[in-house]
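Inside the fold
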Amino acid sequence: MRKIVVYELVSLDGVAEDPDAFIPDWDEDMDADLGAVIATQDAVILGRRSYDEWARYWPGSDIQPFSDFINGVTKHVATSAPLDPEWSGATAIEGDVVEFARRLKEGDGGDIGVHASITVAQALLAGGVVDELRLVIAPGVAEGGRRLLEGLHAMRFETLSSSMSSTGYLMVGYRVLA
C-alpha cells in the first residue's frame, strides 16, 4: 500500500500559511531533506489555492530539486471548478478528497505527497489517511496565519527522524499513529 506524506513548512507557533514570511533563507540541508522526501513520491494531492499559485510559478522555474519534481509528477487537485491555467499532469479530483486519497493509496506506485495545501492536509489528517508528517520548523513565531494542526482532533505521532539544518531549521519526520 502507498503512503501519504504531508510535507509542510511551519513556524514555531505552527503557522503554515505564507512560509516566505518566516523562512527567509533556504539552505543545502533543507534541499537535501526535501530531495529525500520527493524522491519517493510519484503523485501529489494539491488544494485549489496552491494549484493556482503554483501553476503560474513552477512551470517557468528552475529551482531544484522541486521544479523538476512538481512539473513532472502527477498532480491531483481538490477542486470543484475546471483547472485554469492548465498544468501538465494535473487532473481535478471528483468527489470527496479523503475517499479519493484512500482509493489512491490502494493502487500501485510510490508515495503520495501533500505539499503546501493546508486545507487538504487538515482534511486528510482528520480523515485518518495520512501516514507521515514531514515538517521543516522555522526558529521563529509567525503570529498570524493558518496553522497546520488547528481544529484537528487529538492525534499522536511517532518521531521517525529529526535533524537541524546549518541555518537552524528543524527537519522532523513523524509517523501518524492510529
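The structure under discussion appears in the preceding block.
Quick caveat: nothing in here was measured; it's all calculated off a predicted structure.

Some remarks on the environment of Ala-90
Residue placement: Ala-90 occurs in strand β4 (residues 90-93). Note: C-alpha distance between Ala-90 and Trp-58 (32 residues apart in sequence) is 13 Å. Once you skip the residues sitting within four places of it in the chain, Ala-90 turns out to touch Tyr-51, Lys-75 and Leu-83.

What about unusual backbone geometry?
In the segment running from Gln-64 into Pro-65, the intervening peptide bond is cis, with an omega of 10°. One can find Pro-65 in the loop between α2 (48-57) and α3 (66-72). Here Asp-84 and Pro-85 are connected by a cis peptide whose omega angle stands at 10°. Phi is positive for Asp-18, which is not a glycine, with a value near 55°. Looking at the element boundaries, Asp-18 is found in the loop between β1 (4-10) and α1 (28-38).

Observations regarding helix α4 (residues 97-106)
Along α4, the residues classified as buried are Val-97, Val-98, Phe-100, Ala-101, Leu-104 and Lys-105. Buried positions in α4, seen along its axis, are confined to an arc of 160° and lie on one side of it. Where α4 is buried, its residues touch β1, β2 (41-47), β3 (74-78), β4, β5 (111-115) and α5 (118-126). The N-capping residue of α4, defined by a side-chain oxygen 3.1 Å from the backbone nitrogen of Val-98, is Asp-96.

A closer look at the nonpolar core
With 28 residues, the main nonpolar core has Tyr-51, Phe-66, Ile-70 and Trp-87 as its most contacted residues. Listing elements by their share of this core, those giving two or more residues are β1, α1, β2, α2 and α3. At four residues, α1 tops the list of elements feeding residues into this core. For Ile-70, the contacting residues outside a window of four places in its chain are Val-44, Trp-54, Trp-58, Lys-75 and Trp-87. Formed by 26 residues, the second largest nonpolar core is a distinct cluster that contains Phe-100, Leu-125, Leu-148 and Val-172.

Some details on the packing of aromatic side chains
Across all of its chains, the model carries seven aromatic pairs by this definition. Ring geometry for Trp-54 versus Phe-66: centroids 5.5 Å apart, planes at 85°, classification edge-to-face. Taken together, the positions of Trp-54 in helix α2 and Phe-66 in helix α3 put the pair 12 residues apart, joining distant regions of the chain. Comparing Trp-54 with Phe-66, the two get one shared label, buried. By way of ring pairs, the aromatic residues Trp-54, Tyr-57, Trp-58, Phe-66 and Phe-69 are connected into one cluster. The residue whose ring lies beneath Lys-75 is Trp-87, and the NZ or CZ to ring-centre distance is 4.6 Å.

Describing α2
All buried positions along α2 are accounted for by Arg-48, Ser-50, Tyr-51, Asp-52, Trp-54 and Ala-55. Buried residues along α2 sit in contact with β2, α3, β3, β4 and β5.

Some thoughts on the sheet that holds β1
Across the sheet, eight strands lie side by side as β4-β3-β2-β5-β1-β6-β8-β7; this open sheet has mixed pairing. This sheet does not close on itself; its edge strands, each paired only once, are β4 and β7 (156-164). Neighbour-to-neighbour, the strand axes of this sheet turn through a mean angle of 25°, independent of strand direction. Judged from the four bridges that link them, β3 and β4 form a sheet pairing that is parallel. Bridge assignment links Lys-75 to a residue of β4, and that residue is Ala-90.

Considerations on the environment of Leu-125
You can see Leu-125 is positioned in helix α5. C-alpha of Leu-125 to C-alpha of Leu-149: the two residues are 24 residues apart in sequence and 8.8 Å apart in space. In this structure Leu-125 touches Val-130, Leu-149, Leu-152, His-153, Met-155 and Val-176, once residues within four positions along its chain are discounted.

Here is what the cut-offs are and how they apply
- Residues numbered from 1 in each chain as written.
- Predicted model: local features only at pLDDT ≥ 70, side-chain atom pairs only at ≥ 80, totals over all residues.
- Heavy atoms only, no water.
- Helix = DSSP H or I, 4+ residues; strand = E, 2+ residues; numbered from the N terminus.
- Contact = heavy atoms within 4.5 Å.
- Buried < 20%, exposed > 50% of the residue type's maximum accessible area, 1.4 Å probe, protein only.
- Arc of directions from axis to C-beta.
- Polar contact = N/O pair within 3.5 Å; in protein donor to acceptor, adjacent residues only side chain to side chain.
- Core = buried A, V, L, I, M, F, W, Y, C linked by side-chain atoms within 4.5 Å.
- Phe/Tyr/Trp six-rings, centres within 6.5 Å; stacked < 30°, edge-to-face > 60°.
- Lys NZ or Arg CZ within 6 Å of the ring centre and 35° of its normal.
- Pairing = 2+ DSSP bridges.
- Axes fitted to C-alpha atoms, helices over the stretch in contact; angles between N-to-C directions.

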